[in-house]
Amino acid sequence: MDHIKIRRPRIEEIDSIEKFFAIVLKDTFEKNGIGDLKALEEEIQNKKRCIRQDFESDGKDRHFLLAEYNNSLIGSAEYGISNELLNQCTRHKFRDVLEIGTVFVHPGYQRRGISSLLLSGTFQNLYDREVKEICFDSGYRIAQKIWCKRFGDPEYCFRDYWGKGSHYMIWKVKVEDAFRSFCGDGDQTEYR
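Only a predicted model underlies this, so the values are computations on that prediction, with no experimental measurement involved.

**As for the pairing of strand β7 (residues 168-174)**
So, step 1. Across the seven residues of β7, five count as buried, placing the element largely inside the fold.
So, step 2. Taken together, the six bridges between strand β5 (residues 133-138) and β7 define a ladder with antiparallel strand orientation. Paired with Asp-137 across the strands is Ile-170, a residue of β7.
So, step 3. As paired strands, strand β6 (residues 156-158) and β7 are joined by three bridges and run antiparallel to one another.

Laid out in structure tokens, this is it:
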């Protein structure tokens, strides 16, 4: 897809960003066979808190990038302070490590390389900030397959964490390695 713009969010579009989160999360829960509506609503509210933290801290506590195509929001990626569950499960081993907390792509635009564009911008930003390591977690089976393919086996795998066959996985990667994997040697993604 040509002409995808990777950029920072604007406060005036918070309502459309929050609607985007709800669309993607509902689709993610369906595709992963998760029927827990309370968990879905909690996840939506959590993402709303995260985007508001980005605006309140000017990207210091939470940092989002958006993917836009034909003036429509089609993707988002975010990093910030590692989450409570990740820290509890690792006995706070990653409490001082930033976490990639969200990589979402609209259901109508998935499997077109948009998450790779968002991660390129994210890792470029982290690399430019001289962040050495980053962690991320997933309880979604589809995302776990993608992360395993891209980053190898997780550092932690809590089997059957959410029930039989529903594992919780945590990865830690060196930002420089991820930056080179996504951006090559010096090929940088520009965003605003």
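**What to know about the sheet that holds strand β3 (residues 72-81)**
So, step 1. Strands sit in the order β1-β2-β3-β4-β5-β7-β6 across an open sheet of seven strands; the sheet is mixed. For this open sheet the edge positions go to β1 (5-7) and β6, each flanked by a neighbour on one side alone. Strand-to-strand, the axes of this sheet are offset by a mean angle of 20°, without reference to chain direction.
So, step 2. With three bridges connecting them, strand β4 (residues 98-105) and β5 associate as parallel partners. Among the inter-strand pairings, Leu-98 is bridged to a residue of β5, identified as Ile-134.
So, step 3. Along the sheet, helix α1 (residues 14-31) makes contact with β2 (62-69), β3 and β4, crossing β3 at roughly 90°.
So, step 4. The strands that helix α5 (residues 141-151) touches are β4, β5 and β7; relative to β7, the one it contacts most, it runs at about 30°.

**Quick look at the pairing of β5**
So, step 1. In terms of burial, β5 is a largely internal element, five of the six residues being buried.
So, step 2. Note that the unit made of β4, helix α4 (residues 114-128) and β5 has a crossover that is right-handed.

**A few points about the environment of Trp-171**
So, step 1. As for its placement among the helices and strands, Trp-171 is situated in strand β7.
So, step 2. The class of Trp-171 is buried, set by a relative accessible area of 1%.
So, step 3. With residues up to four places along the chain from it excluded, the contact list for Trp-171 reads Ile-134, Cys-135, Phe-136, Ser-138, Gln-144, Trp-147, Cys-148, Phe-151, Gly-152, Asp-153, Pro-154 and Glu-155.

**Some details on the side chain of Ser-82**
So, step 1. Examined against the element boundaries, Ser-82 turns out to sit in the loop between β3 and α3 (84-89).
So, step 2. Only 3.0 Å separates the side chain of Ser-82 from the backbone oxygen of Phe-94, close enough to count as a polar contact.
So, step 3. The contacts of Ser-82, once residues within four sequence positions are left out, are Asn-87, Phe-94, Arg-95, Val-97, Glu-99 and Cys-135.

**A short note on the packing of α4 against helix α6 (residues 175-183)**
So, step 1. The N-to-C vectors of α4 and α6 enclose an angle of 140°; their axes lie 9 Å apart at closest approach. In terms of orientation, α4 lies oblique with respect to α6. Every pair of crossing elements has a handedness; the one defined by α4 and α6 is left-handed. Contacts from Ser-116, Leu-119, Ser-120, Phe-123, Gln-124, Leu-126 and Tyr-127 in α4 reach Val-175, Glu-176, Ala-178, Phe-179, Arg-180, Phe-182 and Cys-183 in α6.
So, step 2. Taken together, the residues of the contact of α4 with α6 break down into nine nonpolar, three polar and two charged.

**Regarding α5**
So, step 1. Among the residues making up α5, those that are buried are Gln-144, Trp-147 and Phe-151. Down the axis of α5, the sector holding all buried residues measures 65°, keeping them to one side. In α5, the exposed residues that point more than 90 degrees away from the buried face are Lys-145 and Lys-149.
So, step 2. Looking one or two places after α5, you find Gly-152, whose phi comes out positive at around 85°.

Calculation rules
- Residues numbered from 1 in each chain as written.
- Predicted model: local features only at pLDDT ≥ 70, side-chain atom pairs only at ≥ 80, totals over all residues.
- Heavy atoms only, no water.
- Buried < 20%, exposed > 50% of the residue type's maximum accessible area, 1.4 Å probe, protein only.
- Helix = DSSP H or I, 4+ residues; strand = E, 2+ residues; numbered from the N terminus.
- Pairing = 2+ DSSP bridges.
- Axes fitted to C-alpha atoms, helices over the stretch in contact; angles between N-to-C directions.
- Contact = heavy atoms within 4.5 Å.
- Right-handed = clockwise from strand over helix to strand, strands pointing away.
- Polar contact = N/O pair within 3.5 Å; in protein donor to acceptor, adjacent residues only side chain to side chain.
- Parallel < 35°, antiparallel > 145°, perpendicular 65-115°, else oblique.
- Left-handed = near helix turned anticlockwise from the far one by under 90°.
- Nonpolar A, V, L, I, M, F, W, Y, C, P; charged D, E, K, R; others polar.
- Arc of directions from axis to C-beta.

All quantities given are derived from atomic positions and should not be read as evidence of function.
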